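Topology and contacts: notes
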Amino acid sequence: MDDDKSAPNEGWVALRAVILVVCLLLFISIAVLILQFDRSAEQKAQALHAMRSSFKGLEIAIKGYQTEYNRYPLATANADETPMLSEGKILKALMAEDSELNPRKVRFLDPYAARGGKGGYLVDSAGVPRMVDIYGQPYRICIDYDGDGTIRDPQSENKTQPETLSSGVIIWSGGKDGDPATWKDNLASWQ
Ligand SMILES: [Ca+2]
């Protein structure tokens, strides 16, 4: 009996070795997973920070235009506050690329260039300037064209009594799914 205890059989030794290896492999894979998760969380945080900077840049540009011309860019007589996309005329106006919309040629906006069609400014194959989010979709912009100091909160659009935001300019991204109507993943300048 004593001999058996002090000299465990080969099977038991092999089993312990296998258990040790399995434990080591488990430990390594968990460590790798945690590292990957950390890195993707960091990348996501950086991307969100970049989008917030874009919001700020656009907002400052639109307000700068308003100060210079005493009206918001693309303001019309009917003061329609329907959201617009961050592409085309609004960008041409803000970037002094349209002499009618910006006759004094003030460059209010100087965005970063997009990388691989994402997260910045680009001109598409049809020649349309576009500012896109980190998923490659244009932002939504809403401007207080009627000058009452409020904009309807797009998140409450479907409610019977839509809420308003006390803001001159609001900007938002449709998020990862690219759909501005699903708010779970949207990123908004006022939130
Ligand atoms: Ca308004």
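All of these numbers come straight from a predicted model, not from anything done at the bench.

Structural notes on the overall build of the chain
In terms of helices and strands, the chain carries 3 helices and 8 strands. N-terminal to C-terminal, the α/β element order of the chain is α-α-β-α-β-β-β-β-β-β-β. Dimensions of the chain, computed from C-alpha atoms along their principal axes, come out at roughly 100 × 40 × 25 Å. Per-residue burial for the chain yields a buried fraction of 25% across its 191 residues. The long-range share in the chain, meaning contacts at least 24 apart out of those at least 6 apart in sequence, stands at 47%.

Considering the sheet that holds strand S7 (residues 169-173)
The strand order S1-S4-S7-S8 describes an open sheet built from 4 strands, whose pairing is antiparallel. In the strand order of this sheet, the two ends are held by strand S1 (84-85) and strand S8 (187-188), each with one partner. Sitting on the sheet, helix H2 (residues 10-69) touches strand S4 (140-143), S7 and S8, and the angle it makes with S7 is about 150°.

Comments concerning the pairing of strand S3 (residues 129-132)
In this sheet, S3 lies alongside strand S2 (residues 120-123) in antiparallel orientation, the contact comprising 4 bridges. By the bridge assignment, Leu 122 is partnered in S3 with Arg 130.

Comments concerning the nonpolar core
Grouped together as the largest cluster of nonpolar side chains are 29 residues, with contacts concentrated most on Ile 62, Leu 94 and Ile 171. Only H2, helix H3 (89-94), S3, S4 and S7 provide two or more residues apiece to this core. Ranked by residue count, the leading element in this core is H2, at 6 residues. Those residues in contact with Leu 94 that lie beyond four places of it in its chain are Ala 61, Ile 62, Tyr 65, Pro 73, Phe 108 and Leu 109.

With respect to unusual backbone geometry
You will see that Leu 74, though not glycine, has its phi angle at about 65°, which is positive. Assignment of secondary structure puts Leu 74 in the loop between H2 and S1. Positive phi outside glycine occurs at Ala 96, with the angle close to 55°. Within the secondary structure, Ala 96 sits in the loop between H3 and S2.

Re the environment of Lys 118
Locating Lys 118 in the fold gives a position in the loop between H3 and S2. Counting along the chain gives 19 residues from Lys 118 to Gln 137, while the straight-line C-alpha distance between them is 7.7 Å.

As for H2
Along an α-helix, a turn takes 3.6 residues, which lines up residues three or four apart on a common side. Taking 1.5 Å of rise per residue, the 60 residues of H2 would be expected to cover 88 Å, and the 88 Å separating its terminal C-alpha atoms lies within 8% of that figure. Met 51, Ser 54, Phe 55, Leu 58, Ala 61, Ile 62 and Tyr 65 are the residues of H2 that are buried. Where the residues of H2 are buried, they touch H3, S3, S4, S7 and S8.

Describing the environment of Ser 54
Turning to its location among the elements, Ser 54 is positioned in helix H2. Taking the C-beta count within 10 Å as the criterion, Ser 54 has 25 such neighbours and is therefore assigned buried. Along the backbone, Ser 54 and Gly 120 are 66 residues apart, and their C-alpha atoms lie at a distance of 7.8 Å. The contact partners of Ser 54, leaving out residues within four places of it in the chain, are Pro 111 and Met 131.

Definitions and cut-offs
- Residues numbered from 1 in each chain as written.
- Predicted model: local features only at pLDDT ≥ 70, side-chain atom pairs only at ≥ 80, totals over all residues.
- Helix = DSSP H or I, 4+ residues; strand = E, 2+ residues; numbered from the N terminus.
- Buried ≥ 20, exposed ≤ 12 C-beta atoms within 10 Å, placed from the backbone.
- Contact = placed C-beta atoms within 7 Å.
- Pairing = 2+ DSSP bridges.
- Axes fitted to C-alpha atoms, helices over the stretch in contact; angles between N-to-C directions.
- Core = buried A, V, L, I, M, F, W, Y, C linked by C-beta atoms within 7 Å.
- Expected span 1.5 Å × (residues − 1).

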